[in-house]
Amino acid sequence: MANTEDDIHEPARDHTAIGDELYALFGDQDDLQALQLAIGHYSAALTEDILDSKCSRSGQLMKLGTALSRRFDHIGDAADLDVAIDCHSVAIDLQTPDSPDVPIMHAKHAQMLMKRFGLHMNQPDLDLAIEQYACISDQTDPKHEAWLVALADALVTRFSHRGNVRDLSQAIRLYESVVNFDASNAPTSVLGNLSLAHFLRYQQEGDAPDLTSSIAYSTEALNKMSSEDQNHSVLLNNLANGLLFRFKKLGSTDDLEQAIKSYGSVIELCPTGHKGRLRALSNLASAIMTRYELQASLADLEISLGCFHEALEICPRNNPDRSTLLDNLATTLRKRFQHTGDIIDLETAIENHYEALHVLPPSHPHRSDTLCSLGNALQSRFAFQGDPDDLDAAVDRYSEALRLRPPSHPERADLLNNLANVACKLFAERRNPHKLDLCIECYFEALQFSPEGYRRPLLLHNLASSLTTRFLFHKDTKDLDRALELGASALELREKGNEYRLSSHVVLANAKGLKYELEGDPAMLQAAFQHLDEARGMCTPGHPSLVDIWEEYARIHLHAYSKTPQSTDHMEEAFRYFRMASTHISGGSLPKFRVALRWVKEAEIHKHSSALDAHQIALSMFDRHVTTKPSVESRHRIVREYAASLAVDAASCALRRGLVTLAVEMLEHGRGLLWTYLARFRTPLDDLQSAGEHGCQLASEFRRLSPLLEDAACGAMTEEGLQHYRCLLREWDGVVDQIRLVDGFGDFLLAPSFSRLKEAAKNGPVIITNASQYSCDAVIIHHEHDPIHIPLTDINTSDILQLSSQFRDFATNPSIRSGGRSTESQLTGLLRHIWDTVVLPVVKRLESSLHLPKGSRIWWCPTGRFNSIPLHAAAPFRKDEKGLPNHYISSYTPTLSALLRSQKPHHGLNDKTPPRVLAIGQAAPAGAFAKLGTVDEELDSLQSILAPAIPMTRMTGESATRSESLRAIHSSPWVHLACHGKQDVTRPLKSCFAMSDGPLTLLDIVRAPSDSGQCSEFAFLSACHTAAGDRTAPDEVVHLAAAMQFAGFRGVVGTMWAVDDAVVVNMVSAFYEALLEKSPDELNSEHAAAALNAAAKKVDKSVVPLGQRIVFIHIGT
């Protein structure tokens, strides 16, 4: 019988069946090669096998997609996952909706989408996964438990990325439905997830039941599982979170310690490499920081920093927790900054906060926390550096955070308070009305969250006070009426006996006094005084609040006087109360100083006889306030803010009363405070050491303490450092008090009297020029004559301000300086005006009263706006009339005390050996400075002029570093600096010389050891702006030339504005040539002023323009 074809061949096995066998083999033996072959057969089946229906094709796609997904799990090729997802998507579309396979297909599709989301963080994948789970999950069917949990997990994941609390609430409902299927046997993993979800919702909405539920579910889950369970650490972490937040809400330290212990246990369960270690480190660090806030232990701070740093190192850049880590690390660094004062910590903290914000989407739940932390850090930097821009930035951050915290947020009120505080600071700083409006808006909103309770009367009071302030600014009577209403409500809520009623009475008195001034109702005046009487009755005799009460009495009496000027009783009472407030035995120095300033203003306006007392008390109060500020930066900031014209106005008052010596003493007392303060620590003690063994002991103690205090003053000040400084200061003050008990030392470190100050003029007259808002004057001081007062009646403070501004423009605007003949014409016009109105009257009195010979030396001591005016170059620029340089040789001194210090002889100088000149040249410094083309030419010229009699050491290029230059400067008697000089107009203490590795700052020079200036004689500063001071506090004379003088150089040549690199060598050469003409074989600093005068006349005027001939000035002896 013949065989048919069917009898000859076995039936072919289809690819699907082969694929199934291979996939089963992979499942049994984890054989990756079997998986690879299975995928090949599944793919072939789609094209070669006979698929009799859509459902069959759908099943085949499902098998291929599942196999590809498993290969992705093993190999990690994202292309496998992409194809698997596409297969499942098509498979679902091919199935009929009622097919029993559809739910599992949706579930597998969702699982794959979640895998890809974990890989790429692509939000549409997460959304689609949630849709897939949602379409198959029935909350009433226990069979759907796994899908319900997966859906809830996905919703929590989406919340962690987007911050929508509705996702959390839906997840909680799903978890609870699973638990309710069989409460006694609820899976521990679901209990843990439910605990976490409640905790996350508590963080967002602050509802206490969520916190209670979180702790309860964590505890239940832990009780059900063994300590060996892999989820034990997760549940411990959830429990610790709940305990920590319960501590924050209720304040039980047992909860805090238990939380820290639990977090520590979690870390033990998560060794290096464990996926849970990142979160465990972060949580432990945060809990320890919470304990730090209670105990301020530096050890806790360092432990916390170590945990945060390790966590950040192991945290992937795309991890959603990275922003929280950055934020928490930044906050911890800011806390350490408060301990150490290391500005790098604070700057790093701010950078980390900004980086955290960069990766957080606008609606992220943690964004508001990061914004608040950044605002706090910016406030810290403002307190440290005083830059109001930081306050502006803080307002922006708080405002954004406020938009993210809805009215139901538990911490919204605190945020409103922060925002109001910063807004108030900004208004006080800049008088910006928008900031005051913001402050008031915040108080109004905060009141809405405080319908009752202890906070409400405080908010009412603060709002009333702010509205009163705004009334003073805008004169809107609605604000005043509202302030009266709110102030009365605050008083009513504060029961009798409540100490805060006192401040309510003062605020109401202020508002009613303003109401009386506005409307003239005597009943309102009487009510205002009644409130003050009530407030005064609540005070003991030395109560600090009496300062505010006395000031308010004074203001209201002035209101009354304005209505009845024919009667002076109210005016006299006002000034009596101003005196009482300014001199009260208690209360802060700053509030009393502010009262004294108000007294000064009103006394000058009303030409009251107490004006001089007011000026003197203001100076005294300000001196007390400044002594509370340890660092030179903080002292200078205070001067700029409050006392830019304090001394010059006081001196004007004394001069107008004919009290010339008192005027000089006032100027000396209220000017150059930085140098006066630091000079105390370098006071010579030779005479004290000769006063016996006790004097030697006191001198030794003084020398031990002084450098410690000076170091503190010139460095960064932390809270701990401040406490240490105050202890040192008390000890130092005690030593000073003992020194004053030694015979002949009763005035040790006290403000010098005129009899001592006039000795500064022993080598020639000193002319003080004073520009006050009340008068312009000059005073000639000579050590053998009474001081001569010259009223400058042809010029006023507005003229001086304009002249100062014009010279400032000339100093800072290169286009003006390079304007050729037009510039010369403008400059000669300015100098002519100065000659006619200021300098000529002085010259006439020098000739007529002192008979001072031509060619004599004189010293200018300009105050206020006179500091930026080149008095030394004043001239008529008229035919046959000579200017000041042809009458006298000018020098400058910041103060009389500075000139006295520079006149003291130096020890250790060998008069027989010519001093070696140190020449530092830096043509190409670090930073954004243009290269100087003539530095080498300048130093070559200098060396050729000095040789062979005077030896010179050159320090240039890379060797001219900050440290080496500073060391060399303070070990050399003669120094010549040719480099860039930079005036920092916002922070003058950071003005600098530009060296090869960075700036050599004014503070660097000041920080030199106290004995380093023993051999310093003269310094020539061939650099820009080295004698240009701070325009906002000109009387402080804070510039590089003054710093060199303070460092010990008896004479210094500096520059009032920028020098021209192309022509400066001409002035330098002419100066040194003129100097050696006086004494060819040696250098004598006493000839420096004359040499500078001669150089300005000698240089070729066609090469060196007028502005460059007069830019250099001589300071000191």
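Here the structure is shown first, and the text comes after it.
An account of the accompanying structure is given in this report. (Residues numbered from 1 in each chain as written. Predicted model: local features only at pLDDT ≥ 70, side-chain atom pairs only at ≥ 80, totals over all residues. Heavy atoms only, no water.)

## Brief notes about the overall build of the protein
Part 1 of the argument: Scanning the protein from terminus to terminus reveals 48 helices and 14 strands.
Part 2 of the argument: Scaling as 2.2 N^0.38, a compact globule of 1117 residues should have a C-alpha radius of gyration of about 32 Å, whereas the protein reaches 40 Å, well beyond that.
Part 3 of the argument: For the protein, the C-alpha atoms occupy an extent of roughly 155 × 85 × 65 Å along the three principal directions.
Part 4 of the argument: Within the protein, the fraction of its 1117 residues that count as buried is 54%.
Part 5 of the argument: Carbon and sulfur atoms form 50% of the exposed surface of the protein, whose accessible area is close to 48,700 Å².
Part 6 of the argument: Once the 109 positive and 142 negative side-chain charges of the protein are each reduced to a mean point, those two points are 9 Å apart. (Helix = DSSP H or I, 4+ residues; strand = E, 2+ residues; numbered from the N terminus. Rg over C-alpha atoms; globule rule 2.2 N^0.38 Å. Buried < 20%, exposed > 50% of the residue type's maximum accessible area, 1.4 Å probe, protein only. Areas by Shrake-Rupley, 256 points an atom, 1.4 Å probe, with all protein chains shown as cover. Lys, Arg positive; Asp, Glu negative; His and termini not counted. Charge placed at Lys NZ, Arg CZ, Asp CG, Glu CD.)

## Here's the deal with helix α8 (residues 145-162)
Part 1 of the argument: In a regular helix each residue adds 1.5 Å, so 18 residues correspond to 26 Å; α8 covers 26 Å between its end C-alpha atoms and thus fits that length.
Part 2 of the argument: Within α8, burial applies to Trp 147, Leu 148, Val 149, Ala 150, Leu 151, Ala 152, Ala 154, Leu 155, Val 156, Arg 158, Phe 159 and His 161.
Part 3 of the argument: The inward-facing, buried residues of α8 abut α6 (102-120), α7 (123-134), α9 (165-181) and α10 (188-205).
Part 4 of the argument: Two residues or fewer after α8 comes Gly 163, characterised by a positive phi angle close to 80°. (Expected span 1.5 Å × (residues − 1). Contact = heavy atoms within 4.5 Å.)

## Describing the nonpolar core
Generally speaking, nonpolar side chains in soluble globular proteins are found buried as a group.
Part 1 of the argument: Of all hydrophobic cores here, the largest spans 133 residues; its most connected members are Ile 834, Val 839, Phe 993 and Phe 1071.
Part 2 of the argument: Top contributing element to this core by residue count: helix α40 (residues 821-848), with 10 residues.
Part 3 of the argument: In this structure, Ile 834 is in contact with Leu 803, Phe 807, Val 839, Ile 869, Leu 871 and Ala 874, ignoring residues within four places of it in sequence.
Part 4 of the argument: If you look at the next biggest cluster of nonpolar residues, it comprises 98 residues, including Leu 35, Leu 312, Leu 326 and Leu 333. (Core = buried A, V, L, I, M, F, W, Y, C linked by side-chain atoms within 4.5 Å.)

## Thoughts on the pairing of strand β11 (residues 998-1001)
Part 1 of the argument: Here strand β10 (residues 992-995) runs beside β11; their pairing, made up of four bridges, is antiparallel. The residue of β11 that forms the bridge with Cys 992 is Thr 1001.
Part 2 of the argument: Connecting the antiparallel pair β10 and β11 is a turn made up of two residues. (Pairing = 2+ DSSP bridges.)

## Examining the sheet that holds β11
Part 1 of the argument: Taken in spatial order, the three strands line up as β9-β10-β11 in an open sheet, and their pairing is antiparallel. Unpaired on one side and paired on the other, β9 (981-982) and β11 mark the two borders of the sheet.
Part 2 of the argument: Contacts from helix α43 (residues 962-969) reach β10 and β11, with the element oriented near 30° to β11. (Axes fitted to C-alpha atoms, helices over the stretch in contact; angles between N-to-C directions.)

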